[in-house]
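Residues per chain, in single letters:
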Amino acid sequence: MSFSILVVEDDAVNQNVLKRFLTARGLSVTVAGSAEDALQLLSEKSFAAILLDNVLPGMTGLQALTEIVAKTQAPVLIMTGHADEELKKDALLLGAKSFLYKPFDFDLLARTVEETIGQK
């Protein structure tokens, strides 16, 4: 069984790295380049988890989080390059399951995603 993950990331390099890394771990990966694209995809398909960058063109990840949580039961993992405790607190209060910092610690990323979707 392959779990489907939605990666919401506007940076093409990060999209490629995340897609390759997660696919190599046996996951099916769909990429959205904006929060708006992600919301559209959530209307069409279900996902086991969502990796949501905070800094996106248009709506930020934090701005989209409430809508995403309302559309899906999938856990949302916020990704950011900014170590901001206030952002982390706000994201968790708005329904994010976890918080991941860039640049990625790939062992932590793998462990967090696997624990989130219940895959060991």
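Structure first, text after, so check above.
About the thresholds
Residues numbered from 1 in each chain as written. Predicted model: local features only at pLDDT ≥ 70, side-chain atom pairs only at ≥ 80, totals over all residues. Heavy atoms only, no water. Core = buried A, V, L, I, M, F, W, Y, C linked by side-chain atoms within 4.5 Å. Buried < 20%, exposed > 50% of the residue type's maximum accessible area, 1.4 Å probe, protein only. Helix = DSSP H or I, 4+ residues; strand = E, 2+ residues; numbered from the N terminus. Contact = heavy atoms within 4.5 Å. Polar contact = N/O pair within 3.5 Å; in protein donor to acceptor, adjacent residues only side chain to side chain. Axes fitted to C-alpha atoms, helices over the stretch in contact; angles between N-to-C directions. Parallel < 35°, antiparallel > 145°, perpendicular 65-115°, else oblique. Left-handed = near helix turned anticlockwise from the far one by under 90°. Nonpolar A, V, L, I, M, F, W, Y, C, P; charged D, E, K, R; others polar.

## Structural notes on the nonpolar core
Ranked by size, the top nonpolar core spans 24 residues in total, and within it Leu6, Val8, Ile50, Leu52, Leu65, Ile68 and Ile78 carry the most contacts. Taken together, the elements giving at least two residues each to this core come down to β1 (4-8), α2 (35-44), β3 (49-53), α3 (61-71), β4 (76-80) and α4 (85-93). If we ignore the near neighbours within four places in the chain, the residues touching leucine 65 are Leu52, Val76, Ile78, Ala91, Leu94, Gly95 and Ala96. Of all hydrophobic cores here, the second largest spans 17 residues; its members include Ile5, Leu18, Leu27 and Ala110.

## A look at the side chain of asparagine 54
Along the chain, asparagine 54 falls in the loop between β3 and α3. Residue classification places asparagine 54 among the buried positions, given a relative accessible area of 11%. Of note is the side chain of asparagine 54, whose polar atom sits 3.0 Å from the backbone nitrogen of leucine 62. Setting aside residues no more than four positions away along its own chain, asparagine 54 makes contact with Thr60, Gly61, Leu62, Ile78, Met79, Thr80 and Leu87.

## What about unusual backbone geometry?
With an omega of -5°, the peptide bond between lysine 102 and proline 103 qualifies as cis. Take proline 103: it is sitting in the loop between β5 (98-101) and α5 (106-117).

## Observations regarding the packing of helix α1 (residues 12-24) against α5
Where α1 meets α5, the axes come as close as 11 Å, and the angle between the chain directions of the two elements is 60°. By the angle class used here, α1 and α5 are oblique. As for the relative orientation of α1 and α5, their crossing is right-handed in sense. The segment α1 lies against α5, with Val17, Leu18, Phe21 and Leu22 engaging Phe106, Leu109, Ala110 and Val113. By residue class, the composition of the contact of α1 with α5 is eight nonpolar, no polar and no charged.

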